[in-house]
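Residue-level listing of the chains:
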Amino acid sequence: MVSYEDIEMLKAYVPQGDGWVLSLYLDVDQSKASNLKRGFETVVHNLLRDVERGVDERAREEFELNRARLLRFLRSYEPRKKSLVVFCDARHDFWWDRDLPVSMPSVARFENAPYLRPLIEALDEYERYGVVLMDKEKARFFTVYMGEIQEHEAVFDEVPRRTVTTSMDRLWSQKNLQRHHDAHVHWHAVHVAERLRELVDRYRFDRLIIGGTVEAVGELMRVLPKRLSERVAGTISLPVTAPTQDVLAEVIRIEEQVERQAELQMVDALLTAAAKGDRAVVGPTATLEALNEGRVWRFVYAGQCALTGSACAQCGALFWEPQRATCWYCGGTLAAVPGFLNRVLERVLALGGSVEEVRGPAAERLETAGGIGAFLRY
């Protein structure tokens, strides 16, 4: 799991002298046909070829050292998650790589410092879920973030059992025991709520999920302070002893429901704003025109969008029309771009914009408008 400590370490890394860092973000998701049979290696070669064109002669040797080390690593690399991130300074033996469980646009940069913007945006974009799983005596706490789960220390409170006496005062004793038992269940819930509050303050959970027995969950919901209850995204029916992977699976199920709903709302807002001409566009022609003009603030695209296009060899402008042969900005010659969508995403990030991939019903709705769109700065 990538942490903010990793980000701070990477921010602090400065190559010695006039050193350079090769940064790579690579989509290796094996659920995509383009990545099967190691198709992602072709993407890397294309990215490095594009980077090489802009490398100053004084940095050419550094670039070749970094490219060679990266390609050696990739020859034995086996994808485990959806994305790979690498930062390499071969001259000074600096190497950092992580597999991420989320999709990221494929981008390569060769600069005097690690290119961190996409990684920071990914950390900021994905919500951090706090999970409590409890019964009347025990509670377990988890963090789920970017598809990974971490368990924290548990809470144990001994709650007296409800037993039946055989004395003459049986009825009275049962009532006392019931009150005694209920009081302990209540205080256990208060204890769990207090511990949960501490974890929220420490880990800054965006949403909470509560699971366990009906009685324990109900009591916890009654004692949660408002600022915590407002973050509850759902409940799950799992015993407190459930395996960690079962907890993760249930959280991901709820997380996907929340994400799909948020994506649908975003696409609806995009289509509405575009129809009104209110700083939004949809469709390849209008969206790429806005991108070429540097007006894109947030680029939105359907997950299975198969966008093809070309780039101007002279000014770099991007076009999707297959019949166009020359650039309408400078008159330069257009050349087809392999992995055109990746080029578009990289351009958005380079101009300080953000990218949003949508799936499910939101993607279907966006496809009816051309598969891509953007919220604009002006």
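Bear in mind that the values here come from a model prediction, so they are computed numbers and not experimental data. (Residues numbered from 1 in each chain as written. Predicted model: local features only at pLDDT ≥ 70, side-chain atom pairs only at ≥ 80, totals over all residues. Heavy atoms only, no water.)

### Some words on the overall build of the chain
What counts here: Labels follow the DSSP assignment, with helices taken as runs of H or I lasting at least four residues and strands as runs of E lasting at least two, numbered in each case from the N terminus. Radius of gyration here uses only the C-alpha atoms, and the compact-globule reference equals 2.2 Å multiplied by the residue count raised to the power 0.38. Note on contacts: a residue pair qualifies if any of its non-hydrogen atoms lie within 4.5 Å across the two residues.
Helix and strand counts for the chain come out as eleven helices and 16 strands. Its C-alpha atoms give the chain a radius of gyration of 27 Å, clearly above 21 Å, the size a compact globule of 378 residues would have. Considering only C-alpha atoms, the chain reaches an extent of 100 × 55 × 35 Å along its principal axes. Across the chain, every contact between residues at least 6 apart in sequence was considered, and the portion connecting residues at least 24 apart equals 69%.

### Thoughts on the nonpolar core
Here is the rule we go by: Throughout, nonpolar core names a set of buried Ala, Val, Leu, Ile, Met, Phe, Trp, Tyr and Cys residues whose side chains join them through atoms within 4.5 Å. For every residue, the accessible area (1.4 Å probe, protein chains only) is compared with the maximum for its type, and the residue is labelled buried under 20%, exposed over 50%, or partly exposed between those bounds.
One finds Val296, Phe299, Val344 and Val358 to be the most contacted residues of the largest nonpolar core, which totals 35 residues. Other than its neighbours up to four places away in sequence, valine 344 contacts Leu288, Leu291, Phe299, Leu307 and Leu318.

### With respect to unusual backbone geometry
Glycine aside, negative phi is the norm for most residues, and most peptide bonds take the trans geometry. Unlike most non-glycine residues, aspartate 93 shows phi in positive territory, near 55 degrees. On the secondary structure map, aspartate 93 appears in the loop between strand S2 (83–89) and strand S3 (94–100). For arginine 204, which is not a glycine, the phi torsion comes out positive at approximately 55 degrees. With respect to the helices and strands, the residue arginine 204 is situated in the loop between helix H5 (170–203) and strand S8 (207–212).

### Focus: empty space enclosed by the protein
The criterion, for reference: Space inside and on the surface of the protein is sampled on a 1 Å grid over the protein atoms alone, with a cavity defined as a set of points where a 1.4 Å probe fits but cannot get out and a pocket as an open set with protein on both sides within 12 Å along at least 5 of 7 lines; lining residues have an atom within 4 Å of a point. Grid points are joined across faces, edges and corners, and a volume is the space filled by probe spheres set on the points. Throughout, the ten residues Ala, Val, Leu, Ile, Met, Phe, Trp, Tyr, Cys and Pro are labelled nonpolar, Asp, Glu, Lys and Arg are labelled charged, and all others, Gly among them, are labelled polar.
Across all of its chains, the model carries one cavity of 30 Å³ or more by this definition. In this structure, the largest cavity occupies an estimated 40 Å³ of space. Lining of the largest cavity is provided by Pro284, Thr285, Leu288, Glu289, Asn292, Leu318, Phe319, Trp320, Glu321 and Trp328. Taken together, the elements giving at least two residues each to the lining of the largest cavity come down to helix H9 (284–292) and strand S13 (318–319). With five residues, the single largest contributor to the lining of the largest cavity is H9. Split into classes, the residues belonging to the lining of the largest cavity amount to six nonpolar, two polar and two charged.

### Looking at the pairing of strand S16 (residues 372–376)
Successive side chains on a regular strand alternate, one facing one side of the sheet and the next facing the other. Keep this limit in mind: In this description, strands pair whenever DSSP reports at least two bridges between them.
Counting buried residues in S16 gives five out of five residues, a clear majority hidden from the surface. Burial along S16 is two-sided: Ile372, Ala374 and Leu376 and Gly373 and Phe375, pointing in opposite directions, are all buried. Across three bridges, strand S10 (residues 280–282) lies against S16 in antiparallel orientation. Within S16, the position partnered with valine 282 by the bridge is glycine 373. Across five bridges, the pairing between strand S11 (residues 296–302) and S16 is antiparallel. Bridge pairing in S16 places phenylalanine 299 opposite alanine 374.

### Re the pattern of salt bridges
The criterion, for reference: Salt bridges are counted wherever a side-chain nitrogen of Lys or Arg sits within 4 Å of a carboxyl oxygen of Asp or Glu.
Evaluated as defined, the whole model comprises 35 salt bridges. The residue arginine 67 makes a salt bridge to glutamate 52 at a minimum N-O spacing of 3.3 Å. Of this pair, arginine 67 sits in helix H3 (residues 60–75) while glutamate 52 sits in helix H2 (residues 39–53), and the two are 15 residues apart along the sequence. Here glutamate 52 falls in the partly exposed class, since its relative accessible area comes to 23%.

### Description of the sheet that holds strand S12 (residues 310–312)
Within the open sheet, the three strands sit side by side as S13-S12-S14. Their pairing is antiparallel. Of all the strands in the sheet, the pair left with one neighbour each is S13 and strand S14 (334–336). Pairing analysis gives three bridges linking S12 to S14, with the strands arranged antiparallel. The residue bridging serine 310 from the neighbouring strand is alanine 336, located in S14.

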